[in-house]
Amino acid sequence: MMSMMKFAIGQSVPRTEDPRLLRGRGQYVDDFALPRQAHAVMVRSPYPHADIKSIDAAAALAFPGVIDVLTGADYAADGLGNIMGPTPYKRRDGSPMFRPPRPAITNDRVRHVGQIVAVVIAESVNAGKDAADLVEVDYDPLPIVLGTAEAADVGQVQIWDDCANNESFLFESGDRAATDAAIAAAPRVITNTFVINRIHANTMEPRGALAEYDPGRDHYTIYSGLQRAFAGRATLCKNIFKIRQNQMRFVTGDMGGSFGMKGAMYPEIPLAGWASKRVGRPVKWRCDRSEGFMADDHCRDNVSTVDLALDDDGKFLGLRVRTNANLGAYLSSGGFGPPTNNLGGLAGVYTTPAIHVEVAAVFTNTSPTSAYRGAGRPEASYILERSIDMAAREMGVDPAELRRRNMIAPEAMPYKTPLTFIYDCGEFETVLDRTLEKAGYAGFADRRAQSEAAGKLRGIGMSYTIERAASPSSETAELRFDTSGTATVLVGTTQHGQGHETVYKQILCEKLGLEPEDIAVIEGDTDKVSYGTGTGGSRSAAIGGTAVMQVADKVIDKTRKIAAHLLEASEQDITLEDGKFVIAGTDRSIPFQEAAVAAFNPKKIPEGMEQGLYEFATYSPDVNNYPNGCHVCEVEISKETGEIDVLQYTVIDDCGVELNPLLVKGQVHGGIAQGAGQALMENIVYEETGQLVSGSFMDYTMPRADDFCSFDISAHPVPTKTNPLGVKGVGEAGTVGSLAAVMNAVNNALESIGADHLEMPLTPPRVWRAVQGAMTAKAAE
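Residues numbered from 1 in each chain as written. Predicted model: local features only at pLDDT ≥ 70, side-chain atom pairs only at ≥ 80, totals over all residues. Heavy atoms only, no water.

Visitor: A description of the sheet that holds strand E6 (residues 136–141) should follow, citing residues and the corresponding values.
Guide: Strand order in this open sheet of 3 strands is E4-E2-E6, and the pairing throughout is antiparallel. Among the strands making up the open sheet, the edge pair consists of strand E4 (109–110) and E6. (Pairing = 2+ DSSP bridges. Helix = DSSP H or I, 4+ residues; strand = E, 2+ residues; numbered from the N terminus.)

So, in structure tokens, the structure goes:
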């Protein structure tokens, strides 16, 4: 039940962090500054694959304002380690998967454009850039491999001597034998190959790092936007600097977006710390926008062959997927995750009895790939939902009807899919029907006729997607009160635009009756927060929020005892109502904050009670939760230009209990833009020489507000019992659904003139060529 309090769970209150951020009073990485700080500029390889024969930094060292020039030889001599990560899978032969050694700076060979070969430390950024141009590196270029589909082909260039066929690992899930049998016996099999292109996160705030080494304490302080501060500190201390974790403080600050891109450990972060120790001064590195295109991890980049088997009535019998996933030249910290962790989404909300998926992870001479909003969820959902639309077209069945015939019924819950997921709740057909009605689906034929009369194409597409969120992992919350009765909550999550501060305050205001101004929120500082897993995978509301709720309960338990003592009543007769401890059945009460202040006065607390009010809670769910939703997109296409106009976009999401409906809509809104951006325009392009063509916003198209219509976003909450708050993650839902919905809508328009399936991105030139080809073929009939 929604609280009647103004600032509480379920209320659409504006974000409390926005005023300071919008007024330029945030603390992003570049806002941190230290006395005597120097500046680092990275010297990066212009070659995608080459041996380094020599590096001559003499001219750079002599340049005015240059403090030092560091190379891979210096890094090795100082005994620093590699950027590491888990290796959970195996190769085809059963041996452990291949994770190549990745020092923060190379000294023998480069394997992608933009790899760091030297670091210039200077008094200013401009002096560092000028000196970087003077570093002479003698390269011996080598052959390259770029394509995802052919990277593992026999005879291809081998990037790593110890990695045959450029294949890091082979991952399988599902029942191969049952799926093969179902497909072999099926009366109808729809087979397609889908290319999910490579894109870039392009966060509003580029990456950066500021590091200070204190020789007196043998201690590093590093400021850098990273989604998991404690995991980042752990890998830096254990694998690279080889020091104790209490010898490093890691501070994330206000991150201006991440979407997974700032989830990995990057070379520049340890390089800044190492450089600070070498030169005896704080060192800052700030990534330029164009530099980020080659220095940041990219994402997506899969090629999948899909077989969907159906019976004559359109019932799904089996789904088989074979994917090549491009890792880039190196395996990023968690780069194995996006191709494998969320393949359960291939089951969708359907009763398909047999599914098998196989993923071959391959290396190429390109920038490494890692997570991006959805991290495998949009890819899996796109493959499935696009295949369903193509099956509907071949069978002459309405796409909505084909989905409806195969949907899991609410009474089937809990429902175990063939790909590990166990859904606890959901009303899929109800959400589908509500969305179709709201989108005016039944009247689409008339609207298409109007567009055709105007000489344009019109299409409608849908998706019904489900994903796992908040996978089991721990999160912490510490709630400290001071002697005035105001509170500070320290949470192990890290914010980068989600509105954590607001939601955590809402939970505490509802539980304790505080005003939001009475609460301060701290995240992303390993010296202040005890521990935390961080943010990612749509986990913060369900796990971080529950930890905040539980620590509030601990505070209530203690202050109830104090209130009972002050009111001279039995603790069992005391209840907390709207910020007051009340003796049941009477009008006697004291405010919660009065009890909180009393906790610091030994004369006002029960005998034997410890003074002060500070509690700690850790929460980890036992299972995932499963947000789901239906998206319907309607587009119009100009035959003359190939330009796409998104006319209408309707979505109804089930993300369980909405702690703040306004923020939920904001998350879905942004997610839709990112999924639609990939479908329509975003694209990382390497030319055949391995050079990055789309290396700036002149060549990499970003979605703008005028590329879209206003999104109609609604909710159909089905609370989950997988966490005490009843919430389901929503951070990635918009992207998961929109990639498939937009692709289906545009292809639906093209199908009306007989065009074949068109791959992403659906740029105007590509669409125009498809239209002209289809019209020419039709005229020739």
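Visitor: Got a sec to walk through the packing of aromatic side chains? Specific residues and values, please.
Guide: Per the counting criterion, the structure on display carries 27 aromatic pairs. Ring centres of Tyr 213 and Tyr 220 lie 4.8 Å apart, and the angle between their planes is 50°; this geometry places the pair in the tilted category. This pair shows no difference in class: Tyr 213 is buried, exactly as Tyr 220 is. An aromatic cluster of at least three residues, connected via ring pairs, comprises Phe 421, Tyr 423, Phe 428, Tyr 464 and Tyr 626. The ring of Trp 160 carries the charged tip of Arg 111 above its face, separated from the ring centre by 3.6 Å. Over the aromatic face of Tyr 266 sits the side chain of Arg 207, whose NZ or CZ is 3.7 Å from the ring centroid. (Phe/Tyr/Trp six-rings, centres within 6.5 Å; stacked < 30°, edge-to-face > 60°. Buried < 20%, exposed > 50% of the residue type's maximum accessible area, 1.4 Å probe, protein only. Lys NZ or Arg CZ within 6 Å of the ring centre and 35° of its normal.)

Visitor: Can you break down the environment of Ala 264 residue by residue, with the values?
Guide: Relative to the helices and strands, Ala 264 resides in the loop between strand E11 (248–251) and helix H7 (268–279). Since its relative accessible area comes to 3%, Ala 264 is described here as buried. When the C-alpha positions of Ala 264 and Pro 353 are compared, they lie 36 Å apart, and in sequence the two are 89 residues distant. Residues within four places of Ala 264 in sequence aside, it is in contact with Leu 226, Asp 297 and Ser 333. (Contact = heavy atoms within 4.5 Å.)

Visitor: So what's going on with the sheet that holds strand E21 (residues 519–522)? Residues and values would help.
Guide: Read from one edge to the other, the open sheet built from 4 strands follows the order E21-E20-E19-E25, with strand pairing classed as mixed. Edge positions in the sheet fall to E21 and strand E25 (614–619), since each of these pairs with one other strand and no more. Going across the sheet, the axis of each strand differs from the next one's by a mean of 15°, ignoring polarity. Two elements, strand E19 (residues 475–481) and strand E20 (residues 487–491), share 5 bridges in a ladder whose sense is antiparallel. Along E20, the bridge assignment pairs Glu 478 with Leu 490. Helix-sheet contacts for helix H13 (residues 500–512) involve E19, E20 and E21, and the interaxial angle to E21 is about 140°. The sheet contacts of helix H14 (residues 540–567) involve E19, E20 and E25, and relative to E25 the element is tilted by about 145°. (Axes fitted to C-alpha atoms, helices over the stretch in contact; angles between N-to-C directions.)

Visitor: Mind laying out the pattern of salt bridges, listing which residues take part and the relevant values?
Guide: Going through the model one piece at a time under the given rule, you end up with 46 salt bridges. The partner of Asp 553 in a salt bridge is Lys 511, and the shortest N-O contact between them spans 2.6 Å. Pair noted here: Asp 553 is in helix H14 and Lys 511 is in helix H13, with a separation of 42 residues, a long-range link. In this structure, a network of salt bridges that share partners links the residues Arg 44, Arg 207, Glu 268, Glu 291 and Asp 296. (Salt bridge = Lys/Arg side-chain N within 4 Å of Asp/Glu carboxyl O.)

Visitor: How would you explain the packing of helix H9 (residues 377–395) against helix H17 (residues 733–751) if you had to name every residue and give the values?
Guide: At their nearest, the axes of H9 and H17 sit 8 Å apart, and the two run at 30° to each other. With respect to each other, H9 and H17 are oriented roughly parallel. The two elements H9 and H17 cross, and the hand of that crossing is right-handed. Taking contact as the criterion, the partners of Arg 377, Pro 378, Ser 381, Tyr 382, Glu 385, Arg 386, Asp 389 and Arg 393 in H9 are, on H17, Thr 735, Val 736, Leu 739, Ala 740, Met 743, Asn 744, Asn 747 and Glu 751. Taken together, the residues of the contact of H9 with H17 break down into 6 nonpolar, 4 polar and 6 charged. (Parallel < 35°, antiparallel > 145°, perpendicular 65-115°, else oblique. Left-handed = near helix turned anticlockwise from the far one by under 90°. Nonpolar A, V, L, I, M, F, W, Y, C, P; charged D, E, K, R; others polar.)

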